[in-house]
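Listed here are the chains, written in short residue letters.
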Amino acid sequence: MNDLGGSRVWVTGVVQGVGFRPFVYGIAKRHSLAGWVRNTSAGVEIEVDGPPENLQAFLTALRREAPPLARIDEMRIEACEPHGYQAFEIVRSESLPGAYQPVSPDIATCPDCLRELSDPHDRRYRYPFINCTHCGPRFTIIEDIPYDRPNTTMAPFPLCADCSREYGDPLDRRFHAQPVACPTCGPHLWLQAGGARRAETDEALHEARRMLRDGAILAIRGIGGFHLACDATNRAAVVELRRRKLRVDKPFAVMLPDLRAIEANCLIDEAARTLLESRERPIVVAPRRSGSAIAREVAPGQDSLGVMLPYSPLHHLLLERAAGFPEALVMTSGNLSEEPIAARNDEASARLGRLADAFLLHDREIGTRCDDSVLRAFEGQAYPVRRSRGYAPVPVRLPWEAPPILAAGAELKNTFCLTRGRHAFLSHHIGDLQNYETLAAFEDGVAHYERLFRVQPEIIAHDLHPDYLATRYALDRAAREGLQAIAVQHHHAHIAACMAEHSIADDRPVIGVAFDGTGYGDDGAIWGGEFLLAQYTEYRRAAHLAYVPMPGGDAAVHEPWRLALAWLQKASLPWDEQLAPVQAASLEARAILGRQLELGLNAPLTSSIGRLFDAVAALSGVRQCVNYEAQAAIELETQIDLDEEEAYPFEVDGIAIDPVPVIRAVVADVQAGVARAAISAKFHNGVAGMVVQVCHVLTKAYGVSEVALSGGVWQNMALLERTVPALRRDGFTVLLHRQVPANDGGLALGQAAVAARRAQGG
Ligand code: ZN
Ligand code: ZN
Ligand code: FE
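Residues numbered from 1 in each chain as written. Chains lettered and ligands numbered in written order. Predicted model: local features only at pLDDT ≥ 70, side-chain atom pairs only at ≥ 80, totals over all residues. Heavy atoms only, no water.

(A) Looking closely at the domain arrangement of the protein chain. Split by domain assignment, the protein chain resolves into domain 1 (5-90) and domain 2 (189-362). Computed over C-alpha atoms, the centres of domain 1 and domain 2 are 43 Å apart. (Domains from an automatic or database assignment.)

Below, the structure written as structure tokens:
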């Protein structure tokens, strides 16, 4: 027995509720080791005895074969004397005061559960809530830690004898799977229409499918909230859904049964396929095939579609292939306009009553609402647009320890961020903080994360904009609780978010290209075409787009023709009747606008490149008024001529970047009858060229050659595709967002990073 050794192992990360203990049990048995494994409130702890080579093999397997949902942050191993254990056991959990650990996000139905779902001999055959340790809801059903059933919304469903046996058997796939359920003991489904229950369980599902086939609009309760659904190939149904939801042009997402169906409608490359099939199951934005049967009204004016695969058993059953039934369903957030997604049954009946013809409901409560995530693929990897279900609340790992900070985030596409140690818990998508309902969802979300991750913030970081509801919340709370408030300039936060997700640890500066729609500047102007020499603690505004007045203020965001007229005037060009934005303005509107420009009344200055995109879109006749954020720029991008290589020139003079030559060239091309597609291409090429040119100027001045791209305008793929390779060709190192969005959905991470370094006097 003297050739025995011993090991103690501590594992932290997402290691609970993911089948980690049974996995450890399995590999310990395989390598004939004795000892035990247990959960603690900080992670998983293991003690094993055995021959040294077996111990080594066990430790290797522990790293290499970890269950699919586990995410190991740290593994600490200590050699020790053998304890003389006789067998391997899973022992009782240990609670450590104040300890916390990451919570698993919601995970798409696994292949084993899918097999059982379609097996007539399985006791969960066609059961819409089937799940196991490897799949199912997590974050959305957890109300507190430790992650045990009584702390989830599954608490009201006592396990039946069969489920209880599976739950207690270390060798079963459902060992300690907290949401485990079956038709005998678990949640169930029903269909409600006109205030009456019309069908139960499987019949409810069949009736829902028949209604969708016949063109109805259904509210369907899912994992993170309600979807509004209709047949995506039925034009009339899609148009009706838009009318009822008060959503004019903003694209809807589409769910299809399998990859084959997606490939029939979209061009899917290897990277997009990997993202679509990942366990996070996001919506992936991909180019639409010309022969697609999906109604144009699903994404008006766009040549791409947001598509996803089913991610819950209910979705798999809804989209089951059968002759005559729809193979593509619009699945859009169950809300009116920009309110938060509905999650409770009563709330849905009240808020979606006039939007849906029927409700497909169930009785498993949603603890935290969570919208679908949206991604694109860029250069073979994920490029996030909205980071929510499947990703939140997995923390972004910080390059250093941070004090407890709450970062309140931005106004639009709000997410907030809480830090603890090296974890930055960036929240799920909250929405546009412009109404009471969304503010309430924000406050609930903050309270939930603080409880879940045991964080008591000492610092509150916020945007400079005094009127953002998130800023007001931050300042009120800081005053009430006596906390330190740290204001972070919007574009500085964008760049810091990009630096933090790339684990830039030291405070060396990078060239931050913050291209955005809006953001409050240090001088009170509206920034958004910024080159920052940025560190976490501070930044220098190294170059920026020339200011132009934004006549009408916020109205100019909705009416790009206003920006076009302002730029014409700045370029000393006449308001020529032949130009589309001039035609779009009545004589009276032109007179008012002229006065605003002349007197500087209600015409704040802006350096936003988003607004320049708007102006060019308006001048080239793409669009004069928008129905959703960045619509004009998106449609300008959509119309691009891929073969056009010419570029409009910006005038770069030191730190001033003047678009006037671009405006002159656009107008000349419009007047010469040059195709819109060519104008779009020359403009995108011109912006990309200007970025490279300015980066060279800044490298010469400051000796920095690392470039971070952030801000909402970097969601423009045509611009990204033109800029990134050009920068690399010239020797720059390019930092791109990969974990959090470049838009305001990623802003809170940057606010937190800046506050963390400033607080430490770094
Ligand atoms: Zn499963
Ligand atoms: Zn059961
Ligand atoms: Fe922004």
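Continuing now.
(B) Highlighting the packing of aromatic side chains. Per the stated rule, a full pass over the model turns up 15 aromatic pairs. Pairing F425 with F453 gives two aromatic rings, centres 3.8 Å apart and planes at 10 degrees, and the pair type is stacked. With F425 in strand β18 (residues 417-426) and F453 in the loop between α11 (436-452) and β19 (459-463), this pair connects stretches of sequence that are 28 residues apart. Side by side, F425 and F453 carry an identical accessibility label, which is buried. Members of the aromatic cluster, connected to one another through ring pairs, are Y100, F139, F416, F425, F442, Y449, F453 and Y473. Between the NZ or CZ atom of R76 and the centre of the ring of W10, over which it lies, the distance is 4.2 Å. We note R197 situated over the ring of W190; from NZ or CZ to the ring centre the distance is 4.1 Å. (Phe/Tyr/Trp six-rings, centres within 6.5 Å; stacked < 30°, edge-to-face > 60°. Helix = DSSP H or I, 4+ residues; strand = E, 2+ residues; numbered from the N terminus. Buried < 20%, exposed > 50% of the residue type's maximum accessible area, 1.4 Å probe, protein only. Lys NZ or Arg CZ within 6 Å of the ring centre and 35° of its normal.)

(C) Focus on the side chain of D669. Its place among the elements puts D669 in helix α20 (residues 660-671). With sequence-adjacent residues up to four places away left out, D669 is seen in contact with Y648, V674, I679 and K682. (Contact = heavy atoms within 4.5 Å.)

(D) Just the nonpolar core, in detail. Among the nonpolar cores identified, the biggest contains 75 residues, and V513, F515, F531, F683, M690, L709 and W714 are the most heavily contacted of them. The biggest single contributor to this core is helix α21 (residues 676-702), with ten residues. (Core = buried A, V, L, I, M, F, W, Y, C linked by side-chain atoms within 4.5 Å.)

(E) Expanded view of the coordination of the zinc ion (ligand 1). Coordination sphere of the zinc ion (ligand 1), protein contribution only: C110 (SG), C113 (SG), C132 (SG) and C135 (SG), at 2.3 to 2.4 Å. Taken together, the four donor atoms coordinating the zinc ion (ligand 1) and their angles of 103 to 120 degrees define a geometry best described as tetrahedral. Taken in chain order, the donor set of the zinc ion (ligand 1) reads C-x2-C-x18-C-x2-C. Separated by 25 residues along the polypeptide, C110 in the loop between β5 (88-90) and α3 (111-117) and C135 in the loop between α3 and α4 (161-168) bring together distant segments of the chain. The same class applies to C110 and to C135, which are both buried. (Donors = N, O, S within 2.8 Å, 3.2 Å for Na, K, Ca; no water. Tetrahedral: all angles 85-135°; square planar, octahedral: opposite > 155°, others 65-115°.)

(F) How the structure looks around the sheet that holds strand β4 (residues 71-80). Taking strand neighbours across the sheet as the criterion, the five strands line up as β4-β1-β3-β2-β5 in an open arrangement whose pairing is mixed. Two strands close off the open sheet at either side, each with one partner strand: β4 and β5. The average undirected angle you get between the axes of adjacent strands in this sheet is 15 degrees. Judged from the three bridges that link them, strand β2 (residues 34-40) and β5 form a sheet pairing that is parallel. Across the sheet, the residue bridging to W36 is E89, located in β5. (Pairing = 2+ DSSP bridges. Axes fitted to C-alpha atoms, helices over the stretch in contact; angles between N-to-C directions.)

(G) Expanded view of the coordination of the iron ion (ligand 3). The coordination sphere of the iron ion (ligand 3), as far as protein atoms go, consists of H490 (NE2), H494 (NE2), D516 (OD) and D744 (OD), spread over 2.0 to 2.2 Å. Mapped onto the sequence, the residues coordinating the iron ion (ligand 3) show the spacing H-x3-H-x21-D-x227-D. Taken together, the residues D516 in the loop between β21 (510-515) and β22 (529-534) and D744 in the loop between β29 (733-735) and α23 (747-759) connect sequence positions 228 residues apart. Residue D516 is classed as buried on the basis of its relative accessible area of 5%. Taking the relative accessible area as the measure of exposure, D744 reaches 12% and is therefore buried.

(H) Inspection of the side chain of T415 at higher detail. With respect to the element layout, T415 can be found in the loop between β17 (396-407) and β18. Residue T415 is classed as buried on the basis of its relative accessible area, which comes to 3%. Leave out the neighbours within four places in its chain, and T415 touches A408, G409, L426, S427, H428, H429, I430, G745 and A748.

(I) Examining the pairing of strand β6 (residues 189-193) more closely. Of all five residues making up β6, five are buried, and the element is well covered by its neighbours. Across the two faces of β6 the burial is the same, with L189, L191 and A193 and W190 and Q192 all buried.

(J) The arrangement of the pattern of salt bridges in detail. Inspection of every chain in the model, using the stated rule, returns 49 salt bridges. With a shortest N-O distance of 2.6 Å, R174 and E116 are connected by a salt bridge. Taken together, the residues R174 in the loop between α4 and β6 and E116 in helix α3 connect sequence positions 58 residues apart. Across the pair, E116 and R174 agree in class, each one buried. Between E530 and R541 there is a salt bridge, with its nearest N and O atoms 2.6 Å apart. Highlighted residues: E530 in strand β22 and R541 in strand β23 (residues 539-545), separated in sequence by eleven residues. In this structure, E530 and R541 share a single accessibility class: buried. (Salt bridge = Lys/Arg side-chain N within 4 Å of Asp/Glu carboxyl O.)

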